[in-house]
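Report on the structure
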Amino acid sequence: MELICCRERSRDRHKSRSKDSRSEKSVTINTPPAEPLLGDSSVRGEQVQDDNWGETTTAITGTSEHSLSQEDIVRITKDLEDSVGLDCRRYITRTIAVIMGLLVFFTPLAFLVLPHILWPEKLQSCGTACEGLFISVAFKLLILLLAVWALFFRPARAGLPRVFVFRILLAVLVFLFVVSYWLFYSVRILDSQDENYQGIVQYAVSLVDALLFIHYLAVVLLELRQLQPCFSVCVTRATDGETRHYNLGQLSIQRAALAIIEHYYCDFPIHNPALLSASKSRAAKHLAGLKVYNVDGEFPASPTEGPGNNANAGIAQSQSRAMIAAAARRRDTSHNELYYEEAEHERRVRKRRARLVVAVEEAFTHIKRMQEEEPKKAPGDVMDPREAAQAIFPSMARALQKYLRTTKQQHCHSMESIQQHLAFCITNNMTPKAFLESYLTPGPTLQYGKDHWLGRRWTLISEASVTSSLKDGSVFLLKCVDFSLVVTSKKIPYVQMSEEYIDPKSHKFVLRLQSETSV
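Residues numbered from 1 in each chain as written. Predicted model: local features only at pLDDT ≥ 70, side-chain atom pairs only at ≥ 80, totals over all residues. Heavy atoms only, no water.

With five of seven residues buried, strand 1 (residues 231–237) lies mostly within the body of the structure. The pairing of strand 1 with strand 2 (residues 243–248) spans six bridges and is antiparallel. Directly across from threonine 236, in strand 2, lies its bridge partner threonine 243. Between strand 1 and strand 2, which follow one another and run antiparallel, lie five residues, and glycine 241 among them has a positive phi close to 80°. Taken together, the seven bridges between strand 1 and strand 5 (residues 484–491) define a ladder with antiparallel strand orientation. (Buried < 20%, exposed > 50% of the residue type's maximum accessible area, 1.4 Å probe, protein only. Helix = DSSP H or I, 4+ residues; strand = E, 2+ residues; numbered from the N terminus. Pairing = 2+ DSSP bridges.)

What follows concerns the packing of aromatic side chains. For the structure shown, the criterion picks out 20 aromatic pairs. Relative to tyrosine 181, the ring of phenylalanine 177 has its centre 4.9 Å away and its plane inclined at 45°; by these criteria the two rings are tilted. Separated by four residues within a single helix, phenylalanine 177 and tyrosine 181 lie in helix 6 (residues 165–190), roughly one turn from each other. Between tyrosine 185 and tyrosine 203, the aromatic rings sit 6.3 Å apart at their centres with planes inclined by 20°, giving stacked as the arrangement. (Phe/Tyr/Trp six-rings, centres within 6.5 Å; stacked < 30°, edge-to-face > 60°.)

Below, the discussion takes up the sheet that holds strand 5. Spatial strand order, 2-1-5-4-3: five strands in an open sheet with antiparallel pairing. Whereas interior strands pair on both sides, the edge strands pair on one side only; in this sheet they are strand 2 and strand 3 (459–462). For this sheet the average axis-to-axis angle between neighbouring strands, irrespective of direction, equals 25°. (Axes fitted to C-alpha atoms, helices over the stretch in contact; angles between N-to-C directions.)

This part is about the pattern of salt bridges. Per the stated rule, a full pass over the model turns up seven salt bridges. In this structure, the salt-bridge partner of glutamate 223 is arginine 154, at a minimum N-O distance of 2.8 Å. Within this pair, whereas glutamate 223 is found in helix 7 (residues 197–224), its partner arginine 154 is found in the loop between helix 5 (128–152) and helix 6, the two being separated by 69 residues in sequence. Relative accessible area serves as the criterion here: at 23%, glutamate 223 is assigned to the partly exposed category. Among the ionic pairs, glutamate 262 bridges to arginine 157, the shortest N-O distance being 3.1 Å. A residue pair is termed long-range when its members are at least 10 positions apart, and glutamate 262 in helix 8 (residues 253–267) and arginine 157 in the loop between helix 5 and helix 6 qualify at 105 residues. (Salt bridge = Lys/Arg side-chain N within 4 Å of Asp/Glu carboxyl O.)

Turning our eyes to something else, we now look at the side chain of glutamine 254. Residue placement: glutamine 254 occurs in helix 8. In this structure the side chain of glutamine 254 is engaged in a polar contact, spanning 3.1 Å, whose partner is the backbone nitrogen of arginine 162. When residues no more than four places from it in sequence are discounted, the contact partners of glutamine 254 are Leu160, Pro161, Arg162, Val163, Phe164, Leu460, Val466 and Thr467. (Polar contact = N/O pair within 3.5 Å; in protein donor to acceptor, adjacent residues only side chain to side chain. Contact = heavy atoms within 4.5 Å.)

Let us look at a nonpolar patch on the surface. A cluster of nonpolar side chains, Leu103, Val163, Ile168, Val172, Phe175, Leu176, Val179 and Leu183, forms an exposed patch at the surface whose accessible area comes to about 680 Å². For the nonpolar patch, the leading source of residues is helix 6, giving six residues. Of note, leucine 176 is situated in helix 6. (Patch = residues over 30% accessible without salt bridge, like charges linked within 9 Å, V, L, I, M, F, W, Y side chains within 5 Å. Areas by Shrake-Rupley, 256 points an atom, 1.4 Å probe, with all protein chains shown as cover.)

Moving on, we come to the nonpolar core. Membership of the largest hydrophobic core comes to 26 residues, with the highest contact counts inside it found for Leu356, Val360, Phe393, Met396, Ile418, Leu422 and Phe435. Elements that contribute at least two residues to this core include exactly helix 10 (309–364), helix 11 (385–406), helix 12 (415–427) and helix 13 (432–440). With ten residues, helix 11 is the single largest residue contributor to this core. Once residues within four sequence positions are removed from consideration, valine 360 is found in contact with Met396, Pro432, Phe435 and Leu436. Residues Tyr181, Tyr197, Tyr203 and Val208 belong to the second largest nonpolar core, which totals 25 residues. (Core = buried A, V, L, I, M, F, W, Y, C linked by side-chain atoms within 4.5 Å.)

Just distances and angles here, no functional claims.
Below is the structure:
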């Protein structure tokens, strides 16, 4: 009985511990990183879409077998909170800008209207010159309204971590300027009820002129100042070393980062994590082929420690040393394996490419654009571009799928996107070579589907303040989900040029004859 009771108690303790562990796991949550758009999307794409679409060319649908974990709920909640915060900040900024614009626009009009409302009987008559100023104020306000709309009310390109310093300075300047005009107007005109209405109109005209000059200052600070190149930045993708160089002007670090991201989407080839796993798998394969044997037996355990602790540590150290030594000895012959692997891969790529080119050219010969002067055919024989693409796609699907698998691009192109591109090429009379260019040569990120770049969040990492301007030797990182961009800046050197004049009459030559010269 005592033994049974002990067993039941141990089972109860084990159950309570397992429950406690499960409860602790559900409470203590480490916020997971955001899902990669390129790495994990391939896995998700292989789960949703049949990987053998080149052989079957059929769509497979089904119900999901995955449940939503607590980590997913926390991640979704965090993304929603971040998006709501960004939207609120964007709307607050836009609201403040609208209020400021209305205040600036209606202030000159208020200067002209208030005297007619408060003391109309005391005002002097407005002559011809005064009425001409009305036309000047109207057109200047219209020009100012259009200029402010064109400069400040453009669609936002991105959400930056900090405010734009020059925008804040201009907003503060305009606010102080309008407040000072209102203070002068209330003290010198409203309190004294000035009867000279022409002077009031000139005062409003001076305000509009000053606002136009402030807008010109805004154009210089926000647009013209950054046009002259001052820095040469080197952008390197940390995973594969892809590098580009750009010239930038006087920009802050955060605005330079925004310009680099915009260039990245158009200039850099798409990031393919599948190509980076080859070296890792090769190193793991080399280490997996090594076996360590303990010839001397176990190490003696220390009496002060638990039995076997010292022995296990010694065995682990000896195994690690043996692995490192064996890997160093095999390093001399690993370059041969790498050479033959790359040669075999290139041979397979050329073979798959040749088959793909032949299959696509043969498929394009099966369709022909109808001309208007041709006789009418049966409705079943006439197809639109989408139907024509679906008709010739199966003949090239197998070769295209094998080529994409060999070059590890299968996660970048789905069957639907390939058919859409094929229909686009058929509609615009493009050749088979033009159709294949998107698959034979990796293009920039924007060339692919929106799931590869839409909604991607970047993190700016910099030791200096992101609102400070670029300097010579500035280094910062643009971190994404599955890779990062390392940016280094160098100042363009000052160029000293001198002039050297050559007289055109000095270009005179003499023929030197020798005994061996054949003339």
